[in-house]
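# A structural walkthrough
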Amino acid sequence: MNNTQISDALNLLESKLSLPLVTYLETCTHCAVCADSCHLYHIDEDPIHIPCFKADKLRRVYKRNHTFAGKYFPWLVGAHDLNDAELDDWVDSVYQCTMCRRCTIACPIGIDNSLVIRTSRSILSAMGKAPKMLEEHTDNACKTGSPLKVSKEDFLDRLEWFEEELQDELNDDDYEIPIDKEGAEFLFIPASLEMMKFPETIMSTLKIFHAASANYTFSSVRYDVTNYGVFNGDDVATKSIAMKDIEEANRLGIKTLVVSECGHAYRALRWEAPNWLGMEYAFEVKDIVELVQEWISDGKLTLDSSRNPEKVTYHDPCNMGRNSGLFEEPRDALKASVNEFQDMLPNRENNWCCGGGGGMLSMPEYEENRLASGKKKAEQVRNTEAKVLATACANCQMQLGQVMEHFDLDVKVESVTDVVANALVLE
Amino acid sequence: MTTLNNLTDFLLNWAILIFIVGMTVRLVRILRYPYKKDLSQSKGDPKYGAFYALTFAMLPWKKESTKKHWLTYMAGMIMHIGVFAVILFALVKRLDYGVELMTIVVKWIGPVALLLAFSLFIKRATLGYMKAISNFDDYFSNLLVDFYLLAGTLTAYNLEWVGLWRLAAILLLLWIPFGKIFHMLLFFISRVLFGLQFGRRGVIKHGPPITY
C-alpha cells in the first residue's frame with residue numbers, strides 16, 4: 001500500500017465516523033465478557049475470535065488518528081498506524097465473524113461489535129483485501145442481479161416449473177404465477193440460494209400465497225433479494241443492490257415488499273437500506289414469515305398440525321431475531337402447524353448463531369472453522385431431542401444442514417414456510 | 001508526610017481543573033459526531049429500549065454473561081462500589097458532613113474492593129486470553145484504581161495517609177480523560193444507543209421473556 005491508499009483508507013474511516021461508532025470505539029474496557037458469548041471462540045478458545053479483539057483492529061487505528069493519547073503517546077493506549085501489514089492482520093479476524101451481535105447483548109456496555117466489523121470490512125474491501133469469493137459474489141450481484149449468477153431465463157424457467165407442479169397438485173390448469181403485475185399488494189423477491197438449493201421453499205411459499213388468496217407478484221427484473229455487499233463490506237455495491245429492489249417496488253406500485261426467508265436481506269432492506277440511501281420507503285417491508293403468521297392469525301390459512309407429527313424446534317436466525325425483533329412470528333406459525341414444538345435454550349436474543357452468517361458460507365478458506373463453530377448450536381438441538389429443526393433463513397438452513405451432518409445429528413432441517421405448507425389444507 | 005500533604009494539597013486543585021477540561025474536551029469532541037435520524041419504519045419503542053438498557057437489562061439475572069460469570073461480575077460490581085464509596089468519602093471530607101459514616105463504610109468496603117480489583121489485575125496479567133486483548137492502558141488504569149482504593153482505605157483508618165490518597169487522586173484525575181476509565185461517561189451513552197436501536201427494532205420489548 002502506498003501513502004495515497006493509506007490516506008484513502010483513513011478518509012473512508014473518517015467518513016464513517018458517527019456518534020454510535022465513535023462511542024463503541026472509545027468505550028471498550030477489554031473485560032472479555034464477549035469472549036464467552038461468541039460461537040467461534042468456543043471452537044478452541046483462540047483469542048483471534050474474541051469479539052473485542054476483532055474490533056480492536058479498527059479501534060487501534062481509530063485511536064492513533066482520532067484521540068489525543070493515541071496521536072501523541074500511542075503505546076499508552078494500544079494505538080497503531082495503518083499500513084499494509086496491519087490491514088493484512090485484520091483479514092482473518094474481521095471476516096471470521098458472523099456479525100450476529102450476540103456479543104452486543106452480552107456486553108455490559110452494549111458495544112455493537114457488528115458495526116465496528118462492518119466498518120472494518122468496508123475499509124478492507126475498498127483496499128482490495130476482501131476474500132475472493134465474496135468479491136466474486138458481490139460483482140455477480142451487481143452485474144447479473146444474482147450472486148449465484150441466476151439469469152432471468154433460469155429464473156423464469158424455474159417459475160414455469162413451479163407453475164406446472166402446482167397446477168398438478170392443485171388440479172387447476174388455470175393456476176398462474178403472476179409476474180410483473182403492476183398494482184399488486186405484495187412483491188415477493190426470493191433468494192438465489194432458495195432458487196438453486198431449496199426450491200421446495202419457493203413452492204411452499206407459492207402454496208401459502210394461493211391458500212391466502214394473496215394479490216402478489218414476482219418481478220422479472222429483481223428476482224434475487226440477497227445483498228452480498230453487506231457481507232463483503234462494499235458500500236457502493238450494497239447501496240446499488242438495495243436501490244434496485246426499491247426502484248422495482250416503486251415501479252410496480254406495490255404496498256409491501258415481501259422478503260423471502262433470507263435473514264441478511266431482510267435486515268438490509270428492512271432496517272439498513274433506508275439509512276444507507278437516506279430515504280423513507282413508500283411501501284412496507286416484511287419477511288414472508290411475518291405475513292404467514294398474520295394470515296394464520298386472521299384465519300386465512302387452514303392448517304392440520306397432525307401432518308407434522310414429529311417434534312419441531314426453531315433456530316432464530318440472528319438477522320431475523322436479534323437484529324430485527326422477529327421472535328414470536330415464526331414461533332406462532334410453527335405452533336399452529338405442528339403437533340409438538342419445543343424451544344431450544346437459550347433462544348430469542350440469546351440464541352446461539354449457527355455459524356453460517358456474515359458471508360461465512362461464501363468463504364471456503366474458513367470452512368473448517370465455520371462447521372466447528374456450529375458446536376453450540378448442535379448441542380442446543382441435541383438437547384431438545386427434536387426431529388425437525390425449522391429456521392427462517394436459507395443461509396442458516398444451508399449451514400444447519402451441514403452442522404447436523406458434521407455433528408452426527410439425525411435431524412431434518414426445514415424452512416418455516418415448508419413446515420407451515422406441509423400442514424396446509426388446500427381446498 | 002507533611003511535605004507530601006502540602007504538595008498534594010496544592011496539586012490536587014490543578015489536577016481537578018485538568019480533569020474537568022480534559023473530560024469536557026473529549027466528551028464534546030465525541031458528541032460532535034453525527035447521530036442521524038433512523039429512517040427505517042419503527043417496529044418497537046426506542047425510548048423503552050433505552051430505559052430498559054439502563055435499568056432492567058443490567059440486573060444480573062437478565063444477562064447470560066452475568067449468570068455464567070457471577071464471580072467476575074461480583075468482583076467488578078464491588079470494585080466499582082468501593083471506588084464510588086472512596087470518592088464519596090473524599091467529598092464528605094471536603095464538605096465536612098457525614099465523615100464518620102463514610103469512614104466506617106470505607107473501612108469495611110475498601111479492603112474488599114481493593115482485593116477484588118487487584119484480583120482482576122492478576123486475572124488480566126496471567127490468563128492468556130486476557131493478555132491477548134490487553135494493552136498498557138488496561139493494566140495501568142487498573143493499578144491506578146487499586147492505588148486510589150488502597151490510599152483511600154488507609155486514610156479511613158489513619159488520617160496521616162491523606163497525602164498519599166491525594167497523590168492517588170491526582171494521578172487518577174490526570175489519567176481519566178485520556179485512558180479507558182473515560183468509560184465512566186461513555187458507558188451511559190453506549191447503553192442508551194444500544195437500547196434505542198434494539199427498542200426500535202422490537203428486540204427489546206415491554207415485558208420480554210427470559211430466554212435462557
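Everything discussed here concerns the structure shown above.
Conventions used here
- Residues numbered from 1 in each chain as written.
- Chains lettered and ligands numbered in written order.
- Predicted model: local features only at pLDDT ≥ 70, side-chain atom pairs only at ≥ 80, totals over all residues.
- Heavy atoms only, no water.
- Disulfide = S-S within 2.5 Å.
- Buried < 20%, exposed > 50% of the residue type's maximum accessible area, 1.4 Å probe, protein only.
- Helix = DSSP H or I, 4+ residues; strand = E, 2+ residues; numbered from the N terminus.
- Pairing = 2+ DSSP bridges.
- Right-handed = clockwise from strand over helix to strand, strands pointing away.
- Axes fitted to C-alpha atoms, helices over the stretch in contact; angles between N-to-C directions.
- Parallel < 35°, antiparallel > 145°, perpendicular 65-115°, else oblique.
- Left-handed = near helix turned anticlockwise from the far one by under 90°.
- Contact = heavy atoms within 4.5 Å.
- Nonpolar A, V, L, I, M, F, W, Y, C, P; charged D, E, K, R; others polar.

## Considering the state of the cysteines
Residue and element names in this part refer to chain A. In the structure shown here, the tally under the stated rule is 0 disulfides over all chains. Free cysteine: C107, not disulfide-bonded; nearest cysteine sulfur from C31 at 6.1 Å. We classify C107 as buried; its relative accessible area is 10%. No disulfide involves C318; its sulfur sits 3.9 Å from that of C353, the nearest cysteine.

## Quick look at the pairing of strand β7 (residues 388-391) of chain A
All names here are of chain A. The two faces of β7 match: V388 and A390 on one face and L389 and T391 on the other face are all buried. Where strand β5 (residues 311-315) lies against β7, 4 bridges are found, and the strand directions are parallel. The residue of β7 that forms the bridge with T313 is L389. Across 4 bridges, the pairing between β7 and strand β8 (residues 412-415) is parallel. Among the inter-strand pairings, T391 is bridged to a residue of β8, identified as S415. Where the polypeptide runs from β7 across helix α22 (residues 394-406) and back to β8, its parallel neighbour, the crossover connection is right-handed.

## Digging into the sheet that holds β5 of chain A
Pairing is parallel in the open sheet, where 4 strands are placed in the order β6-β5-β7-β8 (chain A). This sheet does not close on itself; its edge strands, each paired only once, are β6 (340-341) and β8 of chain A.

## Remarks on the packing of helix α11 (residues 132-144) of chain A against helix α16 (residues 235-252) of chain A
What describes two packed helices is the angle between their axes and the distance between those same axes. Residue and element names in this part refer to chain A. Running from N to C, α11 and α16 cross one another at 40 degrees; their axes reach a closest spacing of 10 Å. Here α11 lies oblique to α16, going by the angle between them. α16 is crossed by α11, and the crossing has left-handed handedness. Facing T138, A141 and C142 of α11, the residues of α16 in contact are A237, I241 and K244. Split into classes, the residues belonging to the contact of α11 with α16 amount to 4 nonpolar, 1 polar and 1 charged.

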